[in-house]
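For reference, the chains in residue letters:
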Amino acid sequence: MVDCETWGTNNEAVIISIGAVLFDPYAQHTVGESFHVAIDPSSCTFYGLKPDMTTIMWWMGEERDEARKTHMEQEQIDLASALDGFISWFGEDKPVWGYGAVFDNVILRSAFRLVGLKCPWSFRNDRCFRTFTYLAPLVPRPTNGGVVHHALDDAKSQAYWLQAIRLALGCSV
Ligand SMILES: [Mg+2]
């Protein structure tokens, strides 16, 4: 499960953090190894990612105070180093779930392309978690045990939610 915090909702949005967790969809409320990095937004625009003022203003909202504060306390690294680190952490090709058919996965793909790195997963392994949640509207999103809009805390809570939905549906993923 991946979650990107961004400064935009377009396909080439500036990425300010990436969170990801490995998880077994057949487990319950359990995740494995995690990845998290905060990114210097000026390195994103250097490579051609695009900031969007509407989203930047949205970040200014009171509801995002904690997420913003947590984010600002972290070391922000260059986009290329962040993506390099992601590739090393990610390893072999495997399914990648993001919350939106044209959000996290697509934005990350754009970033890999603009930096000149190969996206580490195949197009066959793109999974839309938002669509999956619509198949089970009665399964509630688990309470985020961390900070809402912190990329890693969001990725974890989404992985737990996916596990709960898969169990409720009794389906294979
Ligand atoms: Mg998020």
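Our structure's up above, just so we're on the same page.
Residues numbered from 1 in each chain as written. Predicted model: local features only at pLDDT ≥ 70, side-chain atom pairs only at ≥ 80, totals over all residues. Heavy atoms only, no water.

A.B. asks: Just to check I follow, could you spell out the side chain of histidine 71 for this structure?
C.D. replies: With respect to the secondary-structure elements, histidine 71 resides in helix 3 (residues 65–72). Ignoring anything within four residues of it in the chain, the contact list for histidine 71 reads Ile16, Ser17, Ala38 and Gln76. (Helix = DSSP H or I, 4+ residues; strand = E, 2+ residues; numbered from the N terminus. Contact = heavy atoms within 4.5 Å.)

A.B. asks: What exactly am I supposed to notice about the packing of helix 4 (residues 79–90) against helix 5 (residues 104–115) here?
C.D. replies: Helix packing geometry: the angle between the two helix axes and the distance between the axes. Closest axis-to-axis distance for the helix 4/helix 5 pair is 10 Å, and the angle between their directions is 115°. Relative to helix 5, the element helix 4 is oriented roughly perpendicular. The two elements helix 4 and helix 5 cross, and the hand of that crossing is left-handed. Residue-level contacts link Leu79, Ala80, Leu83, Phe86 and Ile87 of helix 4 to Leu108, Ala111, Phe112 and Val115 of helix 5. Classifying every residue of the contact of helix 4 with helix 5 gives nine nonpolar, no polar and no charged. (Axes fitted to C-alpha atoms, helices over the stretch in contact; angles between N-to-C directions. Parallel < 35°, antiparallel > 145°, perpendicular 65-115°, else oblique. Left-handed = near helix turned anticlockwise from the far one by under 90°. Nonpolar A, V, L, I, M, F, W, Y, C, P; charged D, E, K, R; others polar.)

A.B. asks: Where do I start with the environment of glycine 146 in this structure?
C.D. replies: Its location among the elements puts glycine 146 in the loop between helix 6 (129–134) and helix 7 (151–169). Judged by its relative accessible area of 38%, glycine 146 is partly exposed. Sequence-wise, glycine 146 and tryptophan 161 are 15 residues apart; in three dimensions their C-alpha atoms are separated by 14 Å. (Buried < 20%, exposed > 50% of the residue type's maximum accessible area, 1.4 Å probe, protein only.)

A.B. asks: Could you clarify how one ought to interpret the coordination of the magnesium ion in this entry?
C.D. replies: Octahedral six-donor coordination of a metal ideally yields angles of 90 or 180 degrees, compared with 109.5 degrees for tetrahedral four-donor coordination. Taken together, Asp3 (OD), Glu5 (OE) and Asp154 (OD) make up the protein donors of the magnesium ion, found 1.9 to 2.1 Å from the metal. Between consecutive donor residues of the magnesium ion, the sequence gaps follow D-x1-E-x148-D. With glutamate 5 in strand 1 (residues 2–6) and aspartate 154 in helix 7, this residue pair connects regions lying 149 residues apart in the sequence. Under the relative-accessibility criterion, glutamate 5 is labelled buried at 6%. Under the relative-accessibility criterion, aspartate 154 is labelled buried at 6%. (Donors = N, O, S within 2.8 Å, 3.2 Å for Na, K, Ca; no water.)

A.B. asks: Before we go on, may I ask you to explain the sheet that holds strand 4 (residues 76–77) in this structure?
C.D. replies: One key point about sheets: their strands pair by backbone hydrogen bonds, in either a parallel or an antiparallel sense. Pairing in this open sheet of four strands is mixed, and the strands run 1-2-3-4 from one edge to the other. Of all strands in the sheet, those with a lone pairing partner are strand 1 and strand 4, marking the two edges. The strands touched by helix 4 are strand 1, strand 2 (15–21), strand 3 (34–39) and strand 4; relative to strand 3, the strand with the most contacts, the crossing angle is about 175°. Relative to the sheet, helix 5 contacts strand 1 and strand 2, its axis offset from that of strand 1 by approximately 70°. (Pairing = 2+ DSSP bridges.)

A.B. asks: So what exactly am I meant to see when it comes to the packing of aromatic side chains here?
C.D. replies: Two aromatic rings, taken as a pair, are described by how far apart their centres are and by the angle between their planes. Counted by the stated rule, this structure contains 16 aromatic pairs. Seen in terms of ring centroids, phenylalanine 86 and phenylalanine 90 are 5.6 Å apart; in terms of plane orientation they differ by 20°. Their pairing is stacked. Here phenylalanine 86 pairs with phenylalanine 90, and both are found in helix 4, just four residues apart, close to one helical turn. You'll find phenylalanine 86 and phenylalanine 90 in the same group, each marked buried. Measuring from ring centre to ring centre gives 6.4 Å for phenylalanine 86 and tryptophan 121, while their planes differ by 70°; the resulting arrangement is edge-to-face. In this pair, phenylalanine 86 sits in helix 4 while tryptophan 121 sits in the loop between helix 5 and strand 6 (126–128), placing the two residues 35 residues apart along the sequence. (Phe/Tyr/Trp six-rings, centres within 6.5 Å; stacked < 30°, edge-to-face > 60°.)

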